[in-house]
Structures are given as structure tokens and as C-alpha cells.
Amino acid sequence: MPLFATTADAPWQEVAPGVHRQVLSHDENMMTVRVRFEKGAIGAMHQHPHTQVSLVESGVFEATIAGETRRLETGDIYHVPPNALHGCVALEAGALVDVFTPRRDDFL
């Protein structure tokens, strides 16, 4: 991947109703992804072997990780350990910036 990435160079993909993903940058060790949600859209409960850290770029979300649920707003962050069951609901339209290690090859 290039050393710099612009959002204009990264296409959006619809991954669920009201949920769109934009892979911003990656190498084999790390990946950065923006996920845009319409109000009420659901990031379905799932798990993966990757460590994930997510920043609420905008909006308000209800995130559940390993059975614990919190309301998160712009600027808040959450950490998902490997294989932890997690998901979210957009209480307001917004976006998350997700960082995964290692890279999510299933997103490519």
C-alpha cells in the first residue's frame, strides 16, 4: 500500500442495509477502515481473530462487546479483543474508524 491514502481513492462498499465500508489503508500487519452507518443501521454481532480498535468519528452508537453494552459518542473509542463477540447499532447517523491487526483479508 502507498504511504498516503486519500478518501477519494478508496471506494465504498455496501456491507449491510444502511452500512457502508471504505478500506483506507492496509499492509499484512494492520488495516484501517471507515464504516458509515445510517440512523438505526446495525453492525451485526460477529467475531474474528483480529484485534480491533474503533474510534467514533461521528454520531452516537450502542456497542456491545463480550456481553457488555455501552453508549458511545463522537471521540469515544472501544477495543475488541480477538474472538470477542461484538456488534453495534447506530443511534444516530455516523461513522466509525476501525483499525485491525493483523489485516482483515476478508475485506479485500
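Right above here is the structure, for reference.
Let me sum up the structure you'll find in this document. (Residues numbered from 1 in each chain as written. Predicted model: local features only at pLDDT ≥ 70, side-chain atom pairs only at ≥ 80, totals over all residues. Heavy atoms only, no water.)

As for the side chain of Arg21
Logical step 1: In this fold, Arg21 is placed in strand E2 (residues 19–26).
Logical step 2: The charged side chain of Arg21 is buried without a salt bridge, its nearest counter-charge being Asp106 at 6.1 Å. (Helix = DSSP H or I, 4+ residues; strand = E, 2+ residues; numbered from the N terminus. Buried < 20%, exposed > 50% of the residue type's maximum accessible area, 1.4 Å probe, protein only. Lys, Arg positive; Asp, Glu negative; His and termini not counted. Salt bridge = Lys/Arg side-chain N within 4 Å of Asp/Glu carboxyl O.)

Re the sheet that holds strand E3 (residues 31–37)
Logical step 1: Spatially, E1-E2-E3-E10-E5-E8 is the arrangement adopted by the six strands of the open sheet, whose pairing is antiparallel. Looking at which strands have only one partner, the edges of the open sheet turn out to be strand E1 (12–16) and strand E8 (77–80). For this sheet the average axis-to-axis angle between neighbouring strands, irrespective of direction, equals 25°.
Logical step 2: Relative to E8, strand E5 (residues 51–58) is paired through four bridges, and the arrangement is antiparallel. By the bridge assignment, Ser54 is partnered in E8 with Tyr78. (Pairing = 2+ DSSP bridges. Axes fitted to C-alpha atoms, helices over the stretch in contact; angles between N-to-C directions.)

Read these as spatial facts, not as claims about activity.
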